[in-house]
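Reading the structure
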Amino acid sequence: MQKTKLRWGVLGTARIADANVAGIRKSKNGELVAIASRDIEKARAWAQERDVPHYFGSYDEMLASDLIDAVYVPLPNALHAEWSIRAAEHHKHVLCEKPAATNPQDVERMIAAAQENGVKIMEAFMFRFHPQTERVRQLVADQAIGETRIIRATFDFYLRRPHDVRWSKDLGGGALMDVGCYCVNIATLLAGMPPHRVTASAVWADTGVDMSLVGTLEFPNGVLALIDCSFNVGRTMQQWVEISGTDGLIKVAEPFRIREEDTAIVIDRCEATSPIESITIEGAHEYHLMVEHFADAVLSNTELSYTLGESLANMQTMGALLESARTGRRVEVNT
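Everything numeric in this text was worked out from a predicted model, so none of it was measured.

Observations regarding the state of the cysteines
Within this structure, the stated rule accounts for zero disulfides. In this structure Cys96 is not part of a disulfide, and its nearest cysteine sulfur, from Cys181, lies 11 Å away.

Remarks on the side chain of Ser84
Of note, Ser84 is situated in helix α4 (residues 80–89). Within the structure, the side chain of Ser84 is placed 2.8 Å from the backbone oxygen of His80, a separation counted as a polar contact. In contact with Ser84, not counting residues within four places along its chain, are Val73, Val94, Cys96, Met110 and Ile121.

Quick notes on the nonpolar core
Counting residues in hydrophobic clusters, the biggest one holds 114 residues, and the most contacted among them are Trp8, Leu11, Leu176, Leu217, Ile243, Ile250 and Met290. Broken down by element, this core gets its largest block of residues, 12 residues, from helix α7 (residues 175–191). The residues contacting Leu176, other than those within four sequence positions of it, are Cys181, Val184, Asp210, Leu213, Ile227, Cys229, Met318, Leu321 and Leu322.

Topic: unusual backbone geometry
With omega at -10 degrees, the peptide bond leading from Lys98 into Pro99 counts as cis. Tracing the backbone through its elements, the reader meets Pro99 in the loop between β5 (93–97) and α5 (104–117). Despite not being glycine, Gln143 shows a phi value in the positive range, around 55 degrees. Within the element layout of this structure, Gln143 appears in the loop between α6 (131–141) and β7 (148–156). A relative accessible area of 46% places Gln143 in the partly exposed class. Positive phi, close to 55 degrees, is recorded for Asn301, a residue that is not glycine. Here Asn301 is to be found in the loop between α8 (286–300) and α9 (308–327).

Overview of the pattern of salt bridges
The tally for this structure, following the rule as stated, stands at 26 salt bridges. Of the charged contacts, one joins Arg50 and Glu49 as a salt bridge, the two residues approaching to 3.8 Å between their closest N and O atoms. Given the relative accessible area of 17%, Arg50 is considered buried. Put simply, Arg15, Lys98, Arg161, Asp164, Arg166 and Asp178 are held in one network by salt bridges that share partners.

Points about the sheet that holds strand β2 (residues 30–36)
Taken in spatial order, the six strands make up an open sheet running β3-β2-β1-β4-β5-β6, and their pairing is parallel. What marks the edges here is a single partner per strand, and that holds for β3 (54–56) and β6 (121–124). Recorded for the sheet is a direction-independent mean angle of 25 degrees between the axes of neighbouring strands. Note: β5 against β6, four bridges, orientation parallel. Paired with Leu95 across the bridge in β6 is Met122.

Comments concerning the environment of Asp170
By secondary structure assignment, the location of Asp170 is in the loop between β7 and α7. By relative accessible area, Asp170 is classed as exposed at 71%. Sequence separation between Asp170 and Arg86 is 84 residues; the distance between their C-alpha atoms is 20 Å.

Reading the values: rules and limits
Residues numbered from 1 in each chain as written. Predicted model: local features only at pLDDT ≥ 70, side-chain atom pairs only at ≥ 80, totals over all residues. Heavy atoms only, no water. Disulfide = S-S within 2.5 Å. Helix = DSSP H or I, 4+ residues; strand = E, 2+ residues; numbered from the N terminus. Polar contact = N/O pair within 3.5 Å; in protein donor to acceptor, adjacent residues only side chain to side chain. Contact = heavy atoms within 4.5 Å. Core = buried A, V, L, I, M, F, W, Y, C linked by side-chain atoms within 4.5 Å. Buried < 20%, exposed > 50% of the residue type's maximum accessible area, 1.4 Å probe, protein only. Salt bridge = Lys/Arg side-chain N within 4 Å of Asp/Glu carboxyl O. Pairing = 2+ DSSP bridges. Axes fitted to C-alpha atoms, helices over the stretch in contact; angles between N-to-C directions.

Right, dumping it as structure tokens:
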């Protein structure tokens, strides 16, 4: 008899896990059954607070358990590939927090592990599953503003905690890895292909990670994208995307961290005789939609709509951006 629900375990107690936990709890095809931490008391407290029936004081112990079918990995960036691969080797499906890894070689290892062990691994870019994202993509593909020329994407905030893991070079920190990855991802989605050349400049923190980074992505079809990301901008989160075309402009105020309330896509055709158009998108919980899609793909053994191949292209672009920021050179993207 085919399973109707995917049994989830969470690998670690990072704060970001709660957003995904909420998505699992909203889903029709998933249930949260276990949490693992290297600290058994922390695992017990986390499980009791969230009414999770099982907890483990070891990641490997949970992965070896028959209680779960899939894991969500919200560990620091440098640990994503290692524990995704180990989960795959235990024949567990994996939803891995973004970025999938910290270099392209590790994403390639994740692809191989998924194939060799017959499991699915997906990077958790939740915004890709919100109906707003699909509507923007379709508007661009349908040339609602003519031919796309320039994409601008921003994701900035102020990281005030001095000991946060995102300041750590060894743990894969930095603004590009944390929030700039979203900008690269949506630019690639809207351009319809990965970039082939990039340039970037960065301001470096004392810890060796990029504190702020701006970059230019050049696409083979002539589209340019301008991205910026930062850990030291503003008092609140700043995020937006604009797409400039030959016939107008599309503006998205909340492209990544999207509220559950209705949102709006604005189309400005830049002519005095053309009124500004606002398209309302019904509110949705992007984590809910993401985990439900992932569980559907596992339970029915169908293809994921967002693949590790796309994750690899994203990581190749980010690697090239960091190389350009360090060297001051224009860098070819190795795809």
